[in-house]
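# Descriptive analysis of the structure
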Amino acid sequence: MSTPKIDVQVISSGILSDDVLMLGESLLKQWRIPAQQHLVLQFGSFRHAVTIVPVPRYEGLRISQTLARRMGIFSGTPLRLQYQAASRTLALGPLIGVLISRDNPEQSEKPFGDITMFCRELTDACRSQGAYVYFFTPNAIGASLTTVEGWVYSKGWHRMHLPAPNVVNNRLTSRKLENRPIVQQFIREIKHRYGAHVFNEKFLDKSEVFDALKRDPTLQKYLPESHLLQNYTMLKSMCSRYSSVFLKPVRGSLGKGIIRLTRIGPENWQASYATVSGTKRQSFTSLVKLFSSIAGKMKTVRYLIQQGLNLIEVGGRPVDFRALTQKNATGKWAITSIVGRTAGSQHFVSNLARGGTLSTVKEAVARSNLPAAQRGDASARLSKAALDIARGVDAYIPAHFAELGIDLALDSAGRVWLIEVNSKPSKNDNTPLKEGKIRPSVRMIIQYARYISGF
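Remember, predicted model here, so these are calculated numbers, not experimental data.

For the structure on display, the rule yields 11 aromatic pairs. Between Phe 135 and Trp 157, the ring centres sit 5.8 Å apart and the planes meet at 80°, which makes this aromatic pair edge-to-face. With Phe 135 in strand β9 (residues 132-136) and Trp 157 in strand β11 (residues 157-163), the pair connects residues that are 22 residues apart, well separated along the chain. In terms of burial, Phe 135 and Trp 157 fall into one category: buried. Connected via pairs of aromatic rings, a cluster forms that spans Phe 112, Phe 135, Trp 151, Tyr 153 and Trp 157.

Written out as structure tokens, the structure is:
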């Protein structure tokens, strides 16, 4: 039976005591909730003993002001209701916490910078689905690990103390923050103590992804040859097999620090470096000289060395594709969107931060140099690859993911390749937001949160 969505009304504490709830009579009958008996009210990590008084011809729930304050909810909040007879628990929720990197209380209109609009959108989507969301940073986790100082939106942004959530969407943008002891301890504690679910719980390293996916024979066709670059022998071996190779920082993002090596003669090589202002090039008369120029960097940065691909192009600019895959209302991977990304004129990486432009898959393919025979089913092949890879990440990497940005490429023969998998797909640069409009990707986050939390 699907969980009903009800409006929670807050009543003055002088009229209603903290241990009494008033609930529509029809809901009590439908869910066989016993009236006038001791039950446990549950909201995230919050637990409170209550009795229930039925109210005829009424569809909602009334609670006292003091109780509402302890739970961190406002009057008129729509929530899902679930009764667990075995434990005599009346659960409200789902309570979703979004873990973000930073907040700025001085900026009352945009406390979360570039992702503030996304946070508003998520709040609106939660209201329409009967879920409750708040946003919090690592600094907001309480010492007891059972409460959090989170931000909620109700006619403006407010900070308040809230229970630990049923579901955490980890949107931290740095490994340093993610690895903080308080964050790791909080995640372990709420999973263990309250059965909470945490998704996108960690960053992915490029080498970790390729090593994991190599274990599945059905995924190998998508994987360019890739190794952790450890010495000159490996560089020489890869450069003897391919006319171009890429060196990618294992922990890089947004195209930072990528080096493309291209053979320009029998012994001569050119290194192209991705920088913010464009591509910088340097020529070397031997591979040994090239290696000695990057050996210094290798002391602090681990590189993945990868077979160079002959990508399709639009007007001489390489094109790749970003697929957003998400788990849906039944916990299955689905494609939310795929966009084409064409590199900027001075760049060989397609990130928007580097002047890349977005288009539909159809437009990108139609304008590219892909042979006509390969164009018709390009979109379907990209979709299949993205779903195969998302399921592979789930199967071979021991962590909980529900949203993955999967970067794919088509080569000039029409073959689909994996470029990289991103476990923290950006919320501020991929699709323009329209005021009041809720994107499918945002709705999907809540549908999945409802699925895993049982609401």
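Their axes nearest at 11 Å, the elements helix α7 (residues 232-241) and helix α8 (residues 287-298) cross at an angle of 130°. The orientation of α7 with respect to α8, classified from their angle, is oblique. Where α7 crosses over α8, the handedness of that crossing is right-handed. Note on element contacts: α8 touches α7 through Leu 287, Val 288 and Phe 291, opposite Tyr 232, Leu 235, Lys 236 and Cys 239. Residues belonging to the contact of α7 with α8 are distributed by class as follows: 6 nonpolar, no polar and 1 charged.

Where charged atoms from two side chains of opposite charge approach closely, those side chains can pair. Summed over all chains, the structure comprises 20 salt bridges. In this structure, the salt-bridge partner of Asp 211 is Lys 214, at a minimum N-O distance of 3.5 Å. Residue Lys 214 is classed as partly exposed on the basis of its relative accessible area, which comes to 32%. The residue Asp 407 makes a salt bridge to Arg 341 at a minimum N-O spacing of 3.1 Å. Highlighted residues: Asp 407 in strand β24 (residues 403-410) and Arg 341 in strand β22 (residues 333-342), separated in sequence by 66 residues.

Attention shifts here to the pairing of strand β16 (residues 259-263). The sheet contact formed by strand β15 (residues 244-249) and β16 spans 4 bridges and is antiparallel. For Ser 244, the partnering residue across the bridge sits in β16 and is Thr 262. Two elements, β16 and strand β17 (residues 269-275), share 5 bridges in a ladder whose sense is antiparallel. Residue pairing across strands places Arg 260 opposite Ser 272, the latter belonging to β17. What sits between the antiparallel neighbours β16 and β17 is a turn of 5 residues.

This part takes up the sheet that holds strand β1 (residues 5-11). Strand order in the closed barrel made by the 7 strands is β1-β5-β2-β4-β3-β7-β6, with mixed pairing throughout. Taken over all neighbouring pairs, the strand axes of this sheet differ in orientation by 40° on average, direction set aside. With 5 bridges connecting them, strand β6 (residues 77-84) and strand β7 (residues 89-93) associate as antiparallel partners. Across the sheet, Gln 82 pairs through a bridge with Ala 91, a residue of β7.

What counts as what
- As a convention, each chain's residues are numbered from 1 in the sequence order in which they are written.
- Reporting of local features is limited, given that this is a predicted model, to residues whose pLDDT is at least 70; pairs of side-chain atoms are given and counted only at 80 or more, and all residues count toward the totals for whole chains, interfaces and linings.
- Each side-chain value is worked out from all heavy atoms of the structure, with water and hydrogens disregarded.
- The aromatic pairing rule takes the rings of Phe, Tyr and Trp, using the six-membered ring of Trp, and pairs them if the centres are within 6.5 Å, calling planes under 30 degrees apart stacked, those over 60 edge-to-face and the rest tilted.
- For helices the rule is a DSSP run of H or I covering at least 4 residues; for strands it is a run of E covering at least 2, with both sets numbered from the N terminus onward.
- Only protein chains enter the accessibility calculation, which uses a 1.4 Å probe; a residue whose area is less than 20% of its type maximum is buried, one above 50% is exposed, and one in between is partly exposed.
- In this analysis an axis means a line fitted to C-alpha atoms, helices contributing only their contacting stretch, and an angle means the value between N-to-C directions, from 0 to 180 degrees.
- In what follows, roughly perpendicular refers to angles from 65 to 115 degrees, roughly parallel to angles under 35, roughly antiparallel to angles over 145, and oblique to any angle outside these ranges.
- Throughout, a crossing is termed right-handed when the near helix is turned clockwise from the far one, and left-handed when it is turned anticlockwise from it by less than a right angle.
- The criterion used for residue contact is that any of the two residues' heavy atoms lie within 4.5 Å.
- Amino acids are sorted into nonpolar (Ala, Val, Leu, Ile, Met, Phe, Trp, Tyr, Cys and Pro), charged (Asp, Glu, Lys and Arg) and polar (every other residue, Gly among them).
- Just to be clear on terms, a salt bridge is a Lys or Arg side-chain nitrogen sitting within 4 Å of an Asp or Glu carboxyl oxygen.
- Between any two strands, pairing holds if DSSP finds at least two bridges.

Honestly, that's just the spatial picture; any functional story needs more than this.
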